[in-house]
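Listed below are the residues making up each chain.
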Number of protein chains: 2
Amino acid sequence: MMERLLKNIAPWLTGDGPEAEIVFSSRLRLARNLEGHNFSRRLTPDLRRRLAGEIEDGVRRAEAVRDPLVFRLEEVEPLDRLFLLERHLISRELSPEGQGGVMVGGGEVVSLMINEEDHIRVQVIRSGLSLEQAWEEIDRVDSRLERVLPFATADDLGYLTACPSNVGTGMRASVMMHLPGLVLQRQIGKIIQALGKLGLAARGLYGEGSPASGNIFQVSNQATLGKSEREIVCDLDRIVKKIIVHERTSRRQLLDRRPLKLEDQIFRARSILGQARLITSEEAIGLLSLLRMGVDLGILEAIPRRTLNQIFIQSQPAHLQKLAGSALTPEKRDALRARLIRERLAQTRKEEGKNV
Amino acid sequence: MMERLLKNIAPWLTGDGPEAEIVFSSRLRLARNLEGHNFSRRLTPDLRRRLAGEIEDGVRRAEAVRDPLVFRLEEVEPLDRLFLLERHLISRELSPEGQGGVMVGGGEVVSLMINEEDHIRVQVIRSGLSLEQAWEEIDRVDSRLERVLPFATADDLGYLTACPSNVGTGMRASVMMHLPGLVLQRQIGKIIQALGKLGLAARGLYGEGSPASGNIFQVSNQATLGKSEREIVCDLDRIVKKIIVHERTSRRQLLDRRPLKLEDQIFRARSILGQARLITSEEAIGLLSLLRMGVDLGILEAIPRRTLNQIFIQSQPAHLQKLAGSALTPEKRDALRARLIRERLAQTRKEEGKNV
C-alpha cells in the first residue's frame, strides 16, 4: 500500500503553482472533534479504536476523501511511520500507542489524521502559493464531513479542540518557503521576529522545534480565534508575498555584492552532489538548497524543479530505505543517498543534452 | 629574469625518479664559510656586500653552478622573494637586510645561497628519491668550489658553521614525502616520534614550524657530526624506504576498511577542485593531496604527476601573482587559483579524451 505512495512524487512537490520558485507548498489543516466523546488522549485504547472505526466509516459515507488509503499506526512498521512523516502525511504526535491513523486521499492532496491531539485533523496540501485554492478544497471536505459526523462546537467559541490554542476555526494555514537569500544575508532573524509580532510563526521543515534544514521554513498562523478562515488565509497570503519580495531582494544583493562567493558556493554544491559517495541527509538538503538557488538565479543550467523536489523528498532516510526495500545502516543510507542524487543529476544532464 | 623560472616547472617537480608516487623530491645542502671572515651575521652590511661579490666571482671562476641566474635580495621585490621561497630556492632566513643572495643554476637543480646563516649554502634538489645521485652532484659542486674558495675547517670537527648544529659535514639531507595514508590513519604521530629517536626530523612543507599542509612532510637528518656524508645519505634513504612501506600499508588499510569513505573524500576533492570559484591555497593543497592519492590508488583516472605537481606549485600565492603579472587581493588570488586549477584539470581531461 505504501508502495503506491513511494512510486509517485507527492503532487504538492511537482514544483508547479504560483511562486513555486520560492514557495514549495501551501497547507491547511482543520482540527475537529466529535460531539459526545472525550478528547482522544482521555479515552482508553479500546474507545480510541472504536472512535477511529466510526470516523473511518463516516469519512467513507461522506465521500469526503477520494479513494482513500487507510493506515492504522498500530499496524504500521516504524520505518513506514517515518515514511509518512517525511511525506508530511502524519505528524510526530500521531502514535501507535494513541491508536492514531491516517486516511490519504488519491494524489495525497487531502489527508485526514485520526486520534492525533484531536479526533480529526483534515489536511489539504498544494504545490506553490495556493492558499485560496486549498481553502476552497478543505472547506468542501469539511462540509461533507459535517453532514455525517457531529462536530463539537460552542456558540461563542466555534470549534472545540483539545488544545485551547486551536479553538475557534481550528485552522492552521502554513506555507513552506525556500529562503536561502535571507539566511545567507543574515536577514532571516529579523523576518522571524517581525512574523511573531504579526501573530505568525516560522518553523523548520518538520514543524515546531525542528531545525531550518535546507533554508526551508514553514510560515503559519498562530491565532485560530477572532478571525474567519478567509481572513487567516488572506493575511498569510499577503505576508508570504512580502517575504518573497525580501527573499528576491536578498538574492539580488548577494549577486551584486559578492558574486564570486555566491557562485563558488553554488558550483561547489553542484559538484559535491554530483560526486560524493557518502552524504548525510542534513548535508544533502543544504546543498540541494544552494543548487536550487543556483538554478533560480540562472547561475546553473536549468534543472526541472520537479526533479529537485523529487531528489529532495526521496533522499530522506525512510524514503531511501523504502526504495532500497530494507532497513539500512547509516553509512549504507549515506551511500545510497549519494548514489541516488548522483544518478538523478547525471540523468537530468543527459536529458538536457538531448534537448540541445 | 624571474620569468625564466616562472615559465618552467621546476625540474625537481617533474614527477620522475624513483618512488615518485610518494617522494616529491630529494634535497641536499652543504653549509660552508670562507676562511678569514667573520660569519655573515657578524659582518657590517658593506662587508657582507663585498663578501657576496667575492663569492659570486669565485663560483663563476670555479664553474660550480652552470649558467647561473643571480638574485641579490636587496634588488628583489617582496613578491619575487616570496616566489623564490615557494620554489625552495631560498630560505625564509635569507633577507635583504642581511645582503642575502642566491645563484640558481640552469634547471634549478643546483643553487647556492649567499649570506644566509652561513656564507654559502649549496643546494641540490632532484625529483623522486635520489639522494645518492644528489650526493654525487653536490660533492662535485663542492669540490669545484673548494679549489677556488678557501673554506673554514677545523681538523677535529670538519667544516665550521655559524650554528653548532651544522658543524662537521655541514650537510642536511631531506626528502619531501606525500603521506596522506599515514595522516588519515592517524599513524603519522607515531612515525614522527620514531624519527626523532633516530636523529631525524619531520617538518612541514616550508621547513621548521610550518604546518604539514597537503600531508606533505620533509624528513631530514638532525646530526651533521659523527657520520660521513655517505652515511647520512644511506641512513636517510633506508628510513625513507621504510616510511614508504608504512604509507602504502596505510593506504591499503584505508581502502580495505572504509573504501566508501575514502572514495567519497577523493571524489569530493576532485569535484571541488574542478568547480570551485574561490579557493585558498591551504584548501587547494589539501584537496590536491587527496586527488593525488586518488590517482595513485587507481580510484581516479590517471592525471600526469607532472601536471599535479605543476598545479601544486603554481597555485601558491607568489606564483599566482607572477602569473597574473601584478599583486592581487586575497579574494582575487583565490579566484585566480580556482580558475587555474579548474582549467588545468579540464585540459588534462580533454587531452585524455583524445588519447582514448
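Residues numbered from 1 in each chain as written. Chains lettered and ligands numbered in written order. Predicted model: local features only at pLDDT ≥ 70, side-chain atom pairs only at ≥ 80, totals over all residues. Heavy atoms only, no water.

Novice: For this particular structure, what's the right way to read the overall build of chain A?
Specialist: Secondary structure summary: chain A contains twelve helices and ten strands in total. A compact globule built from 356 residues should have a C-alpha radius of gyration of about 21 Å, and chain A, at 21 Å, falls within 12% of that. Put simply, chain A has 356 residues, and 56% of those count as buried. Contacts in chain A between residues at least 24 apart in sequence constitute 71% of all its contacts with a sequence separation of at least 6. (Helix = DSSP H or I, 4+ residues; strand = E, 2+ residues; numbered from the N terminus. Rg over C-alpha atoms; globule rule 2.2 N^0.38 Å. Buried < 20%, exposed > 50% of the residue type's maximum accessible area, 1.4 Å probe, protein only. Contact = heavy atoms within 4.5 Å.)

Novice: Even after reading the chapter, I still don't get the interface of chain A and chain B, so can you show me in this structure?
Specialist: Size of an interface, as often reported, equals the accessible area lost when the parts are brought together. Contacts between the two partners involve 18 residues from chain A and, on the opposite side, 18 residues from chain B. Of the roughly 1,700 Å² buried at the junction of chain A and chain B (both faces included), carbon and sulfur atoms supply 54%. In this assembly, chain A and chain B are joined by four salt bridges. Where B:Glu283 meets A:Arg268, a salt bridge forms, and the shortest distance between an N and an O atom there is 2.7 Å. Looking at the side of chain A that touches chain B, the element that brings in the most residues is helix α8 (residues 259-275) of chain A, giving ten residues. Residue composition of the side of chain A that touches chain B, by class: seven nonpolar, two polar and nine charged. (Buried area = accessible area lost by both parts, 1.4 Å probe. Salt bridge = Lys/Arg side-chain N within 4 Å of Asp/Glu carboxyl O. Nonpolar A, V, L, I, M, F, W, Y, C, P; charged D, E, K, R; others polar.)

Novice: Just checking my understanding: could you explain the relation of the copies chain A and chain B for this structure?
Specialist: Note that the two copies of the chain are related through a rotation about an axis and a translation along the same axis. For the pair chain A and chain B, the best superposition has an RMSD of 0.0 Å and corresponds to a rotation of 180° with a translation of 0.0 Å parallel to the axis. Both copies are brought into coincidence by an operation consistent with a two-fold rotation axis. Of the C-alpha atoms belonging to chain A, the one lying closest to the rotation axis is found on A:Ser271, 2.6 Å away. Taken together, the interface assignments show that 100% of the residues at the interface of chain A recur at the interface of chain B, consistent with an identical surface on both copies. (Least-squares fit on C-alpha atoms with pLDDT ≥ 70 in both.)

Novice: Got a minute to help me understand helix α3 (residues 78-86) of chain B in this structure?
Specialist: Three- or four-residue spacings in an α-helix give side chains the same orientation, since the helix completes a turn every 3.6 residues. All names here are of chain B. Inspection of α3 places Asp80, Phe83, Leu84, Leu85 and Glu86 among the buried residues, and these make up the whole buried set. Buried residues along α3 sit against α1 (2-7), β2 (69-72), β3 (101-104), α10 (305-314) and α11 (317-324). One or two positions beyond α3, positive phi appears at His88, with a value near 65°.

Novice: Looking at this structure, how should I read the nonpolar core?
Specialist: It is characteristic of soluble globular proteins that their nonpolar side chains tend to be buried jointly. Counting 78 residues, the largest nonpolar core has A:Leu273, A:Leu291, A:Ile341, B:Leu273, B:Leu291 and B:Ile341 as the members making the most contacts within it. Excluding its chain neighbours within four sequence positions, the residues that come into contact with B:Leu273 are B:Ile279, B:Ala284, B:Leu287, B:Leu288, B:Leu291, B:Ile341, B:Arg342 and B:Leu345. (Core = buried A, V, L, I, M, F, W, Y, C linked by side-chain atoms within 4.5 Å.)

Novice: Before we go on, may I ask you to explain the domain arrangement of chain A in this structure?
Specialist: All names here are of chain A. Looking at chain A, the domain boundaries give domain 1 (2-251) and domain 2 (258-355). Opposite the 28 residues of domain 1 that make contact, domain 2 presents 25 residues. With both chains or domains summed, domain 1 and domain 2 bury close to 2,500 Å², and 62% of this area falls on carbon and sulfur atoms. On the surface where domain 1 and domain 2 come into contact, there are two salt bridges. We note a salt bridge from Asp296 to Arg251, for which the minimum N-O separation is 3.1 Å. In this assembly, domain 1 and domain 2 are joined by ten residue pairs in polar contact (both at pLDDT 80 or more). Every element with two or more residues in the side of domain 1 that touches domain 2 is listed here: α1 (2-7), α3 (78-86) and α5 (180-184). For the side of domain 1 that touches domain 2, the element with the highest residue contribution is α3, accounting for five residues. Considering only residue class, the side of domain 1 that touches domain 2 consists of 15 nonpolar, seven polar and six charged. (Domains from an automatic or database assignment. Polar contact = N/O pair within 3.5 Å; in protein donor to acceptor, adjacent residues only side chain to side chain.)

Novice: Help me out: how do you make sense of the packing of aromatic side chains in this one?
Specialist: Each pair of aromatic rings is reported with the distance of its centres and the angle of its planes. Counted by the stated rule, this structure contains four aromatic pairs over all chains. Centre to centre, the rings of A:Phe24 and A:Phe312 are 5.4 Å apart; their planes meet at 20°, and the pair counts as stacked. With A:Phe24 in strand β1 (residues 23-32) and A:Phe312 in helix α10 (residues 305-314), the pair connects residues that are 288 residues apart, well separated along the chain. The same class applies to A:Phe24 and to A:Phe312, which are both buried. Relative to A:Tyr159, the ring of A:Phe151 lies with its centre 6.3 Å away and its plane at 75°, an arrangement referred to as edge-to-face. Look at A:Phe151 and you get buried, because its relative accessible area is 6%. Lying across the ring of B:Tyr159, B:Arg32 places its NZ or CZ 3.4 Å from the centre. Residue placement shows B:Arg277 over the ring face of A:Phe267; its charged tip is 3.6 Å from the ring centre. (Phe/Tyr/Trp six-rings, centres within 6.5 Å; stacked < 30°, edge-to-face > 60°. Lys NZ or Arg CZ within 6 Å of the ring centre and 35° of its normal.)

Novice: What am I meant to see in the pattern of salt bridges here?
Specialist: Opposite charge on two side chains permits pairing when their charged atoms draw close. Across all of its chains, the model carries 56 salt bridges over all chains by this definition. Linking A:Glu132 and A:Arg230 is a salt bridge whose minimum nitrogen-to-oxygen distance equals 2.7 Å. With A:Glu132 in helix α4 (residues 131-148) and A:Arg230 in helix α7 (residues 229-257), the pair connects residues that are 98 residues apart, well separated along the chain. Between B:Lys322 and B:Asp80 there is a salt bridge, and its shortest N-O distance comes to 2.7 Å. Of this pair, B:Lys322 sits in helix α11 while B:Asp80 is found in helix α3, placing the two residues 242 residues apart along the sequence. Like B:Asp80, B:Lys322 is buried. Beyond isolated ion pairs, a larger network of salt bridges with shared partners links A:Glu19, A:Glu21, A:Glu247, A:Arg248, A:Arg251, A:Asp296 and A:Arg305.

Novice: Even after reading the chapter, I still don't get the sheet that holds β1(A), so can you show me in this structure?
Specialist: The strands that make up a sheet pair up through hydrogen bonds in the backbone, lying either parallel or antiparallel. All names here are of chain A. The antiparallel open sheet is built from eight strands, whose spatial order is β2-β3-β4-β5-β1-β8-β10-β9. Strands at the two margins of the open sheet, each flanked by one partner only, are β2 (69-72) and β9 (200-203). Recorded for the sheet is a direction-independent mean angle of 20° between the axes of neighbouring strands. When β1 meets strand β5 (residues 120-127), the two strands line up antiparallel, connected through eight bridges. (Pairing = 2+ DSSP bridges. Axes fitted to C-alpha atoms, helices over the stretch in contact; angles between N-to-C directions.)

Novice: Help me out: how do you make sense of helix α11 (residues 317-324) of chain A in this one?
Specialist: Among the residues of α11(A), A:Ala318, A:His319, A:Leu320, A:Gln321 and A:Lys322 are the ones counted as buried. Following α11(A) by one or two positions, A:Gly325 has its phi on the positive side, about 85°.

Novice: Explanation requested: the sheet that holds strand β10 (residues 216-221) of chain B in the structure shown.
Specialist: Residue and element names in this part refer to chain B. One open sheet holds the eight strands; their spatial order is β2-β3-β4-β5-β1-β8-β10-β9, and the pairing between them is antiparallel. In the strand order of this sheet, the two ends are held by β2 and β9 (200-203), each with one partner. Pairs of neighbouring strands in the sheet enclose a mean axial angle of 20°, with direction left out of account. Relative to strand β4 (residues 110-114), β3 is paired through four bridges, and the arrangement is antiparallel. When the sheet's bridge partners are listed, Met103 is paired in β4 with Leu112. Packed onto the sheet, helix α7 (residues 229-257) meets β1 (23-32), β8 (171-178), β9 and β10 and runs at close to 15° relative to β8.

Novice: Honestly, unusual backbone geometry in this entry has me stumped. Any pointers?
Specialist: With the exception of glycine, the majority of residues adopt a negative phi angle, and the majority of peptide bonds are in the trans configuration. The backbone of A:Asn115 sits at a positive phi, close to 60°, despite the residue not being glycine. When you line up the elements, A:Asn115 lands in the loop between β4 (110-114) and β5. Positive phi is not limited to glycine here, since B:Glu108 has a value of about 60°. By secondary structure assignment, the location of B:Glu108 is in the loop between β3 and β4.

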